[in-house]
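Each chain is listed here by its residues.
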Amino acid sequence: GVDLQKLVNTDMKLAFGDYPKMWGLRRPDSNIDHRRVPNLQTFFKRKGAAKSVPDDPADYQAGDIVTVMLPGNLPHIALVADQMTWDGSRPLVIHNIGGGARMEDMMTAFQITGRYRYSA
């Protein structure tokens, strides 16, 4: 029931100066802004959704949003699932890295750069 595209675009219109400038835009672009991980990180922080990043992957909760840095300094985002790895040591995550949405064991594969718990 959350229209993240609309929420991010509305917030960017209100506080465009708080958002990253890495794309050289002079105003929000509702077609892409909600898909850019640095913008989402800013949005979640502005909405008070930022949480500490635990050292133990088992400390994450289903529904947590995590951002990671892929090789080549590419930011990526995933949603913590309510299912665990086969050994129960960490949650699986749902993400789309180009091959469609997948649920995978990825909590320790990349450097976690942020954790957010958002509710509208």
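Fair warning: this is a prediction, and the values are worked out from it, not measured in the lab.

Looking at the sheet that holds strand β2 (residues 65-70)
Spatial ordering of the open sheet is given by β1-β6-β2-β3-β4-β5, a layout of six strands whose pairing is antiparallel. For this open sheet the edge positions go to β1 (50-51) and β5 (101-104), each flanked by a neighbour on one side alone. Bridging between strand β3 (residues 74-84) and strand β4 (residues 91-96) involves three bridges; their strand directions are antiparallel. Among the inter-strand pairings, Leu79 is bridged to a residue of β4, identified as Ile94. Sheet strands in contact with helix α2 (residues 37-46) are β1, β2, β3 and β6 (111-116), and its direction is about 60° off that of β3.

Some words on empty space enclosed by the protein
Evaluated as defined, the whole model comprises one cavity of 30 Å³ or more. For the largest cavity, the calculated volume is near 50 Å³. Residue classes in the lining of the largest cavity are distributed as five nonpolar, two polar and one charged.

Quick look at the pattern of salt bridges
For the structure on display, the rule yields seven salt bridges. Here Arg36 ties to Asp33 by a salt bridge, and the two come within 3.8 Å at their closest N and O atoms. For the pair shown, Arg36 and Asp33 are each scored as buried. Put simply, Asp64 and Arg117 hold a salt bridge, and the shortest N to O gap is 2.7 Å.

Rules behind the numbers
Residues numbered from 1 in each chain as written. Predicted model: local features only at pLDDT ≥ 70, side-chain atom pairs only at ≥ 80, totals over all residues. Heavy atoms only, no water. Pairing = 2+ DSSP bridges. Helix = DSSP H or I, 4+ residues; strand = E, 2+ residues; numbered from the N terminus. Contact = heavy atoms within 4.5 Å. Axes fitted to C-alpha atoms, helices over the stretch in contact; angles between N-to-C directions. 1 Å grid on protein atoms, 1.4 Å probe; cavity = no way out; pocket = protein on both sides within 12 Å on 5 of 7 lines; lining within 4 Å. Points joined across faces, edges and corners; volume = space filled by probe spheres on them. Nonpolar A, V, L, I, M, F, W, Y, C, P; charged D, E, K, R; others polar. Salt bridge = Lys/Arg side-chain N within 4 Å of Asp/Glu carboxyl O. Buried < 20%, exposed > 50% of the residue type's maximum accessible area, 1.4 Å probe, protein only.

Scope: geometric values only; no functional claims are made or implied.
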